[in-house]
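Each chain is listed here by its residues.
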Amino acid sequence: VERSFKARHVALVDSCQAGDRHSLKSEEAHSVPLDTTKECKRIYGLKHGMKRVLSIVCLGQTELRNRLSEADHRVREVVQRMEIVELPPLSDVEAYTRHRCQRAGAQFDHIFEPGAMGALAEKLTESDGKGLSGIKKSYAYPLLVGNILTCAMNTAADLGMERVSAEVVREV
């Protein structure tokens, strides 16, 4: 194992000297075993002179923050070497959806009726029930937005509708 680790370090250093940059991306990092998380510290420590040869990006659900608590002595050294960035909810689901449609080569106005995005924004907002002065929490995260819109588009197609309506968005 140690010989394999050293060989990888040499390969990374050689590649860095050739001008390459390297990163390791872990999706669903909230599900990664603790031992693997701790091994990331060792990998992150690989350097050539003062320069790190590898960056590590861990993507995960909110449970990842709980797993990466500095209070947990098992991961403290890992956490102290990290920068944790939380993705805020989308502030404008229509702009996001228009962008996604454009990237897919589709026309937003051919898929969604006026009002569909307002219904989506309402669906993704939770109120504490105290009226206008109540605190609102948004769940407008890209994955959830995409899942709801996929379901709404499939439902509209099943119903023979040309476009997704606000009513369909509310019902899915």
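Up top is the structure these notes are about.
In this report, we go over the structure that sits alongside the text.

Rules of the game
Sequence order as written defines residue numbering, which begins from 1 separately in each chain. Per-residue local features are limited, in this predicted model, to residues with pLDDT of at least 70; the limit for side-chain atom pairs, both in listing and counting, is 80 or more; totals at the level of whole chains, interfaces and linings are taken over all residues. Side-chain measures here rest on the full set of heavy atoms in the structure, leaving out hydrogens and waters. Here a helix means four or more residues in a row that DSSP labels H or I, a strand means two or more in a row labelled E, and each is numbered from the N terminus. In this treatment the radius of gyration is a C-alpha quantity, and the globule benchmark scales as 2.2 Å times the residue count to the 0.38 power. Residue burial is assigned from relative accessible area. The probe radius is 1.4 Å, only protein chains are included, and a residue is buried under 20% of its type maximum, exposed over 50%, and partly exposed in between. Areas reported as accessible are Shrake-Rupley estimates using a 1.4 Å probe. Residue values count occlusion only from the protein chains shown. Counting rule applied: Lys, Arg positive; Asp, Glu negative; His and chain ends not counted. One atom stands in for each charge, and that atom is NZ of Lys, CZ of Arg, CG of Asp or CD of Glu. Helix span, expected: 1.5 Å multiplied by one less than the number of residues in the helix. An arc is given here, and it is the one of the directions from the helix axis to the C-beta atoms. For this analysis, residues touch if any pair of their heavy atoms sits within 4.5 Å.

## So, the overall build of the protein chain
Broken down by element type, the protein chain carries nine helices and six strands. Here the C-alpha atoms of the protein chain give a radius of gyration of 22 Å, more than 25% beyond the 16 Å that 2.2 N^0.38 yields for 172 residues. By principal-axis analysis of the C-alpha atoms, the protein chain measures approximately 60 × 40 × 25 Å. Sorting the 172 residues of the protein chain into buried and exposed places 25% on the buried side. Here the protein chain has roughly 12200 Å² of accessible surface; of this, 52% comes from carbon and sulfur atoms. Here the protein chain holds 25 positive side-chain charges and 24 negative ones, and the gap between their average locations is 10 Å.

## Structural notes on helix H8 (residues 142-158)
Across its 17 residues, H8 extends 24 Å between first and last C-alpha, which sits within 8% of the 24 Å expected from 1.5 Å per residue. Those residues of H8 lying buried are Val145, Ile148, Leu149, Ala152 and Ala156. One side of H8 holds all its buried residues, which, seen down the axis, span an arc of 95°. Those residues of H8 that are exposed and aimed more than 90 degrees away from the buried face are Leu143, Ala157 and Asp158. Of the surrounding elements, those touching the buried residues of H8 are helix H5 (93-103), helix H7 (116-123) and helix H9 (166-171). Gly160 occupies a position one or two residues after H8 and carries a positive phi of about 75°.

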